[in-house]
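The residues making up each chain are set out below.
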Amino acid sequence: MKSLAVLPAAFAIVLLSGCGADPAPAAAPAPSSPAAASASAGTPCGEVAGLQGAKNKVVAHGKTDCAEATQVLTDYFTKLTPAEAASPQGPGPVVIGAWTCGSGPNDPVTSCSTEDERQIEATRS
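Presented here is an overview of the structure given in this document.

1. Some points on the pattern of salt bridges
- Enumeration over the complete set of coordinates arrives at 2 salt bridges.
- The salt bridge partner of R118 is E68, with a shortest N-O separation of 3.1 Å. On the criterion of sequence distance, the pair formed by R118 in the loop between β5 (109–113) and β6 (119–124) and E68 in helix α3 (residues 66–79) is long-range, its members being 50 residues apart.
- Classification of R118 as buried rests on a relative accessible area of 19%.

2. Observations regarding the side chain of H61
- As for its placement among the helices and strands, H61 is situated in strand β2 (residues 55–61).
- Using a relative accessible area of 16% as the deciding quantity, one classes H61 as buried.
- Among all residues touching H61, those that are not within four sequence positions of it are A41, G42, Q119, I120 and E121.

3. So, α3
- A rise of 1.5 Å per residue sets the reference length of α3, with its 14 residues, at 20 Å; its end C-alpha atoms lie 20 Å apart and thus fit the reference within 8%.
- Every buried residue belonging to α3 is among A69, V72, L73, Y76 and F77, and all of these are buried. End-on, the buried residues of α3 take up no more than an arc of 125 degrees, which puts them together on one face. Across α3 from its buried face, at more than 90 degrees, point the exposed residues A67 and T78.
- Tucked into the core, α3 has its buried residues touching β1 (43–49), β2, β3 (94–96), β4 (99–102), β5 and β6.

What counts and what doesn't
Residues numbered from 1 in each chain as written. Predicted model: local features only at pLDDT ≥ 70, side-chain atom pairs only at ≥ 80, totals over all residues. Heavy atoms only, no water. Salt bridge = Lys/Arg side-chain N within 4 Å of Asp/Glu carboxyl O. Helix = DSSP H or I, 4+ residues; strand = E, 2+ residues; numbered from the N terminus. Buried < 20%, exposed > 50% of the residue type's maximum accessible area, 1.4 Å probe, protein only. Contact = heavy atoms within 4.5 Å. Expected span 1.5 Å × (residues − 1). Arc of directions from axis to C-beta.

Have a look at this one:
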C-alpha cells in the first residue's frame, strides 16, 4: 500500500515539472490605439485658405512633403470655380499639375492624389 500513497505525489511532481520547462508563449501584441493610427496616417502641414476663406487643415501622406501639399491645395482652392464648388456631385475633379483634387457633395475633406499614389488632404476646420 505504501507504493499507492507515493503515486499522487509522483503525479504532482510530473505535472509541476512541466510548468517551468517550456518558455511562456509570447503575449499577443496590443491592438493599436486610434491615436497611434492617426499619428501614422499622415503628416500635419498647417492650414490653407479654402472656399470663401474657410480654414483647411492640410495633411500629407507618403512621399509628399508639406511644402508641396500646401502649394497644391492652395492652387486647388484658387482654381476652383463657384460652379464647381456648388456641383451636386461635389467639387472637382480639378487637375493641378500631376495632382487631381476633389471631394464629395458636402464633404468637409478635399482629397488630392497622383498616379504614383501620393496623397494629400485638407479638412475644413
